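Close look at the chain arrangement
Okay, here's what each chain looks like letter by letter:
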Amino acid sequence: MPTTYYLLPSVPLPLSLSPMIRHWQSWLILSAVILIATAPMLERSYPITHSTHFNLSWALQYQEQFFAGQAYPRWLEFSNFGFGNATFVFYPPLCMVATLPFRALGMGLVGSLIASMALAMVVFAGGLYRYGDRHFPRSIAILVAALGVLAPYFLVDIYQRGSLGEVWAIAMLPWITLATENLVERVNREPLPSVAAEVNPDRDHDLNNGVDNNLDTLWESPISWRERLKTGTALLNRPSLQLILSYSLLVLSHLPTLLIFTLVWLPFPAWIAAPSRRRTALISSYAAVFLSFGLTAYFLMPVVLDGGSVQLGALYSSPDYLPQHRLMLSGIWQLNLQLTEHWFDRGLIRLWLLLLAVTLAAAIASGVFTWGQRWWGTLSKPPQLRLQGYWLFASAVGLLMTTDLLSWLYESTYILQGIQFSWRWLALPCVYVPLLLGYWLNYSQAHQPENLLHRGAVALMMGVWVMAILSQIVQGILIAERAVYDPSRIAQFARLAEIKAFPESYHLPPGEPFLNWHWRRGEQLALVDVYEYRAKWVNLEMPPRNEYPLLAWQDGTEMDLVRDHWAFGERMFSARNTSITSQAVELRSFDYPAWFVRLDDGAWRRVDHTRDGRIRVWIPPGLHQVTVRYRGTFAEQFGFMVSSLTALLLVIGSLLNITLKHRSHLLTTPRAEATGIPRRDFRTSDLSDS
């Protein structure tokens, strides 16, 4: 009985233009689209967004500390008037890492931020293009990628909110979807185990005269360690490595989007897998995601275990920062529909309505082809309708979570309140609505029904898709053009940032507010950071009322204190205590559980802190060499160990997988020659769809 295979339905026939378009020509077109999307920033400098002051401050410090030798600057030294902040202990670092290559190439602070956003657009367009090219004619794939880059919510993140992390998270979503499909397709292609081989295991042994019998017995034995090793390393094939890498980048991009996408992604492997392969597809996909969590444990573990040490409650200090209070549409259950009245959310209504209209139209079209046969007669069922159903499902869930139809989930599930704003779910339709548009536009072009009524319906559907596409493009361009720009203030920040040096002293009065949270006094720039990443015992107000030296005794004097070395993440000084009791030395740095102190050659121990949260070190009588260093918390150190072991496992497993495949090929070739049966090359084109 021949083995049947379950694959995604075949790709529809390409448009006449598609075979003529090469990949480099596609990228020329997409480069022009990306240039249009970034043109306002290139012409007018980085926009004034909700987070511009943080983006500039974080990029400045991350770059400065990275190029000074800190591979992962968790603690930002210039923040909070030089008292520091544990920002990148809890905030994903990818958005700042993306600026480093451009700064290394000689770009300035502002240029590196703009270039990183252009890079995010390239990554997003590349993911949608490769995914679209898998399912659509190339011309449609180009259109899908262009719609993604010009997606209104994607550009709102760049030009209005300045949410660099969410921009990068959205850019990762099509790559994860593509990697998941590749992995599931590989599972679907794997031949089912042969029953005959299990019943008569000696048959292969008799036929394999050209191979060493002892080696073959070790290799083929069900209980051999080689077979078990081969089974384990088989999980580390190319699609699974792609999924591990892309999901790891999502983890390092934006935690709310990670939560949102993961909840919707969980059924995806089983959704597209063959019925008999769903369990295997889930195991393979979930194992890859689990390994991605292990690979990023150096970031995730401190987020999970050290969150109780900081003031994360500040994230929810106002009802406006709870998603159930920031719905786009409410009153559905009471049949009294009300759109949001929030000053910012109202600006999202147009793009929300556009996403809703496309999703509803796609749902109606899917329903007609799935259940409408009795009214419409025999219809030509579109290919890949099941896959389109998942795109529709993901987009619909994202939209419904912005209404009170599903808002009860926020109140009953504490973890969902961590997304803060319900419209963050729009990251999902931001990716899947362009795919829906491409899918139905392709079907409308390729389908030529004979029935006049059917032809009119298809023409109407084509018109709807074209109008939706044009509307999305126009909305995206207008969002970029209507953003707020102030090139002089951005340039002034960059100029003042260039002359900052570490360590530096701040003099009172602090001067005048600058770019929202920061302060400027003459040529001196003082940076302020978010409250939620300060330790719970830190309560010193910003700007501080008093001047604090870098190093001083508890009575404010600096006698017998000598600074030997003052660098990012480390302070070394000599202290002579002439009294007969221990005296406290206070540092101009906020305390956090990762700061430790060592006297002379003694053991490391946690630093003490003052009432307002500054680091305090107790000095016994006599002369002592003191080292205060950011050594990391237990969660940081353990997470780094887990990430290192996971990376080592992936490298070794991948190499073993390659070696075992090569060895298996050498062993099976003589057997195929002995039986006279040619080896089957299981390619996609050779397999039948079910």
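Here, the structure is the one placed above.
Heads up: these notes are all about the structure in this document. (Residues numbered from 1 in each chain as written. Predicted model: local features only at pLDDT ≥ 70, side-chain atom pairs only at ≥ 80, totals over all residues. Heavy atoms only, no water.)

A word on the overall build of the protein. When its secondary structure is counted, the protein shows 26 helices and 14 strands. A total of 690 residues make up the protein; the buried ones form 53% of that total. Considering only intrachain contacts with a sequence separation of at least 6, the fraction spanning at least 24 residues in the protein is 75%. (Helix = DSSP H or I, 4+ residues; strand = E, 2+ residues; numbered from the N terminus. Buried < 20%, exposed > 50% of the residue type's maximum accessible area, 1.4 Å probe, protein only. Contact = heavy atoms within 4.5 Å.)

Reading across the sheet, the 4 strands line up as 6-9-13-12 and stay open at both edges, with antiparallel pairing between neighbours. Edge positions in the sheet fall to strand 6 (551-553) and strand 12 (608-609), since each has one partner strand and no second. Relative to strand 9 (residues 583-590), strand 6 runs antiparallel, the two being bridged by 3 bridges. If you follow Trp553 over to strand 9, its bridge partner there is Val585. (Pairing = 2+ DSSP bridges.)

Now for a nonpolar patch on the surface. The grouping of Leu263, Leu266 and Tyr286 at the surface amounts to a nonpolar patch, some 240 Å² of accessible area in total. Relative to the helices and strands, Leu263 resides in helix 15 (residues 255-265). (Patch = residues over 30% accessible without salt bridge, like charges linked within 9 Å, V, L, I, M, F, W, Y side chains within 5 Å. Areas by Shrake-Rupley, 256 points an atom, 1.4 Å probe, with all protein chains shown as cover. Salt bridge = Lys/Arg side-chain N within 4 Å of Asp/Glu carboxyl O.)

The next thing to look at is the pairing of strand 4 (residues 518-521). Alignment of strand 3 (residues 512-514) against strand 4, held across 3 bridges, turns out to be antiparallel. Bridge pairing in strand 4 places Glu512 opposite Arg520. Hairpin connection of strand 3 to strand 4: 3 residues between the antiparallel strands, including Leu515 at a positive phi of 50°. Relative to strand 5 (residues 524-526), strand 4 runs antiparallel, the two sharing 3 bridges. When the bridges of strand 5 are listed, Arg520 appears paired with Leu525. Linking two consecutive strands that pair antiparallel, namely strand 4 and strand 5, is a turn of 2 residues; a positive phi of about 65° is found at Gly522 within it.

This part is about the pairing of strand 14 (residues 622-630). Side-chain direction in a regular strand flips from residue to residue, so the side chains alternate between the two faces of the sheet. Note that strand 8 (residues 570-577) and strand 14 share 8 bridges and pair antiparallel. Of the residues in strand 14, the one forming a bridge with Glu570 is Arg629. Judged from the 5 bridges that link them, strand 10 (residues 595-599) and strand 14 form a sheet pairing that is antiparallel. Across the sheet, Leu599 pairs through a bridge with Val626, a residue of strand 14.

This brings us to the sheet that holds strand 8. The antiparallel open sheet is built from 5 strands, whose spatial order is 7-8-14-10-11. Of all strands in the sheet, those with a lone pairing partner are strand 7 (561-567) and strand 11 (605-606), marking the two edges.

Now for the side chain of Glu586. As for its placement among the helices and strands, Glu586 is situated in strand 9. Look at Glu586 and you get buried, because its relative accessible area is 14%. Setting aside residues no more than four positions away along its own chain, Glu586 makes contact with Leu550, Leu551, Ala552, Gln554, Thr610, Arg614, Ile615 and Arg616.

A full pass over the atoms with the stated rule returns 21 salt bridges. Here Glu481 ties to Arg44 by a salt bridge, and the two come within 2.7 Å at their closest N and O atoms. With a gap of 437 residues between them, Glu481 in helix 24 (residues 452-481) and Arg44 in helix 1 (residues 23-44) connect regions that are remote in the sequence. What makes Glu481 partly exposed here is its relative accessible area of 37%. Overall, the relative accessible area of 24% leaves Arg44 in the partly exposed class. The residue Arg346 makes a salt bridge to Glu341 at a minimum N-O spacing of 3.7 Å. The partly exposed category is assigned to Arg346, whose relative accessible area is 41%.

Turning our eyes to something else, we now look at the packing of helix 9 (residues 164-189) against helix 14 (residues 238-251). The contact between helix 9 and helix 14 brings their axes to 8 Å, and the two run at 160°. Judged on the interaxial angle alone, helix 14 and helix 9 are roughly antiparallel. Considering only the axes of helix 9 and helix 14, their crossing is left-handed. Residue-level contacts link Ala169, Met172, Leu173, Trp175, Ile176, Ala179, Thr180, Asn182, Leu183 and Arg186 of helix 9 to Pro239, Ser240, Gln242, Leu243, Ser246, Tyr247, Leu249 and Leu250 of helix 14. (Axes fitted to C-alpha atoms, helices over the stretch in contact; angles between N-to-C directions. Parallel < 35°, antiparallel > 145°, perpendicular 65-115°, else oblique. Left-handed = near helix turned anticlockwise from the far one by under 90°.)

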